[in-house]
Amino acid sequence: MLTTAPYLRVRRPSPTTAEFVVSTLPPPTLPLRITLAAIYFLRLVLSLGVLLLLYSVWAQSPYSTSTTPLEQLSSPAPLSHSPLDISTSSDATVTTAASHSDSNDDSTFLAIIQQTLQTLLHSRIGQLCSSLAASLPPWIIVPCSFATLYLLSLRIGVEERLLVLRGLGIQTSSSGETIFSPLKTRFIPTDKIQDVLINEAFRGFEVRHILVVIVEDEEHVVVVFPKLLPRPCILEKVWRGVRGCLYEQEGHKADGKF
C-alpha cells in the first residue's frame, strides 16, 4: 500500500530542537521510492496526453491561426555590399537590431513550440487526440480535461510537521493537496505561547482529540495536525515532547496524565 494510518516520527537534531512528523506515507524504502517514481512518471505522461488533447481542441477551433512564425524567420534580410550603403545605414541597422532582438527570440521560441506540437499531432497519439476532439464538443472535453489534470496533480499521502525550538518558538507546517501547492506554515514565538494542551472537539457526530496551542491575544486556538488528527496516543507523545523541549530549561518538566 502507498499510504498507511497516521504514525509519528520524531527527530532531535539537538537537545533544544525537536521535530514531530505525522505522516500517512510508509517509511521511505527503496521499493517505495521506485514505485512512487513510476507513478509520478505515469502521471506526467498522462498529463502531457491531456494537454495534447486540449491543443487538438484549440487547433480545430476557429480561433487557431494557420500561419506559423517559421515563415517569417525562414527568409533573412538581404545584405548590402556597397560601402556607401553600409556607412549611411549603420546607425539604423544597430537600432533596428536592438529593438527587435527580444521579439525575434520570442518568435523563435513560439515557433519551436508550435512546430513540436504539430509534429505530435501527426503522431499516432496525436491522431487519436484529434479524432477525439472532433467527435466530442469542446464544452465536454475542456472541463473533463481540467478535472483530470487536477486529479493527476493530487499528492500521495499527507504529512504534517511540528518543529519546536527552545527559546524561539514552534512552527507548524502542513503539505498541500497537490504537488504544486506550497507548504502551509506558521511560526509562533515563545512569548506568545500561553499553553499547549490536548482538547476534545466535535468532527461531524464524533468526538476527536486535538492538540492545540493557545496564543496570546488571539480568539481562536491553533490546531496542530489539523488534517490528519492522529490518535490520542500520538498526541500524548507530541504533547510531552513539546512541553519538555519548551519548558525543561525553566524546570517545568512535562508530567501529566492524558
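This section reports on the structure supplied with the text. On a predicted model such as this, the values are computed, not experimentally measured, just so you know.

Cut-offs and rules
Residues numbered from 1 in each chain as written. Predicted model: local features only at pLDDT ≥ 70, side-chain atom pairs only at ≥ 80, totals over all residues. Heavy atoms only, no water. Pairing = 2+ DSSP bridges. Helix = DSSP H or I, 4+ residues; strand = E, 2+ residues; numbered from the N terminus. Axes fitted to C-alpha atoms, helices over the stretch in contact; angles between N-to-C directions. Parallel < 35°, antiparallel > 145°, perpendicular 65-115°, else oblique. Left-handed = near helix turned anticlockwise from the far one by under 90°. Contact = heavy atoms within 4.5 Å. Phe/Tyr/Trp six-rings, centres within 6.5 Å; stacked < 30°, edge-to-face > 60°. Buried < 20%, exposed > 50% of the residue type's maximum accessible area, 1.4 Å probe, protein only. Salt bridge = Lys/Arg side-chain N within 4 Å of Asp/Glu carboxyl O. Core = buried A, V, L, I, M, F, W, Y, C linked by side-chain atoms within 4.5 Å.

What to know about the sheet that holds strand β7 (residues 206-215)
If you walk across this open sheet you meet the three strands as β6-β7-β8, and the pairing is antiparallel. The sheet is open, and its two edges are formed by β6 (193-203) and β8 (222-224), each paired on a single side. Adjacent strand axes in the sheet meet at a mean angle of 40°, parallel and antiparallel pairs treated alike. With 10 bridges joining them, β6 and β7 adopt antiparallel strand pairing.

Describing the packing of helix α1 (residues 30-59) against helix α5 (residues 124-135)
In the contact formed by α1 and α5, the axes pass within 9 Å of each other and the chain directions differ by 55°. Classified by the interaxial angle, the pair formed by α1 and α5 is oblique. As for how α1 packs across α5, the hand of that crossing is right-handed. Contact with α1, carried on its side by Gly49, Leu52, Leu53, Ser56 and Val57, involves Ile125, Gly126, Cys129, Ser130, Leu132 and Ala133 of α5 and no other residues of that element.

Some remarks on the packing of aromatic side chains
Applying the stated criterion across every chain yields a total of one aromatic pair. On the numbers, 5.8 Å between centres and 35° between planes, the contact of Tyr55 with Trp58 is tilted. Of the two residues, Tyr55 and Trp58 are both situated in helix α1; the distance of three residues between them amounts to about one turn of the helix.

Focus: the environment of Gln171
Along the polypeptide, Gln171 turns up in strand β4 (residues 169-174). Relative accessible area serves as the criterion here: at 31%, Gln171 is assigned to the partly exposed category. Separated by 53 residues in sequence, Gln171 and Val224 place their C-alpha atoms 9.7 Å apart. Those residues in contact with Gln171 that lie beyond four places of it in its chain are Arg161, Leu162, Leu163, Arg186 and Phe187.

Focus on the pattern of salt bridges
Taken as a whole and assessed by the stated rule, the structure comprises eight salt bridges. Close ionic contact of Glu19 with Arg11 constitutes a salt bridge, the shortest N to O distance being 2.3 Å. Judged by its relative accessible area of 11%, Glu19 is buried. The class for Arg11 is partly exposed, based on a relative accessible area of 44%. Among the charged side chains, a network of salt bridges with common partners joins Arg9, Arg11, Glu19, Glu159 and Arg161.

What to know about the nonpolar core
In terms of nonpolar packing, the biggest core is built from 24 residues, with Leu162, Leu211 and Val213 touching the most fellow members. Looking at this core, the elements with two or more residues in it are β2 (17-23), β3 (159-165), β6, β7, β8 and α7 (232-247). If you tally residues by element for this core, the top one is α7, at eight residues. With residues up to four places along the chain from it excluded, the contact list for Val213 reads Ile170, Ile188, Ile193, Asp195, Val196, Val221, Val222 and Val224. Grouped together as the second largest cluster of nonpolar side chains are eight residues, Leu53, Tyr55, Val57 and Cys129 included.

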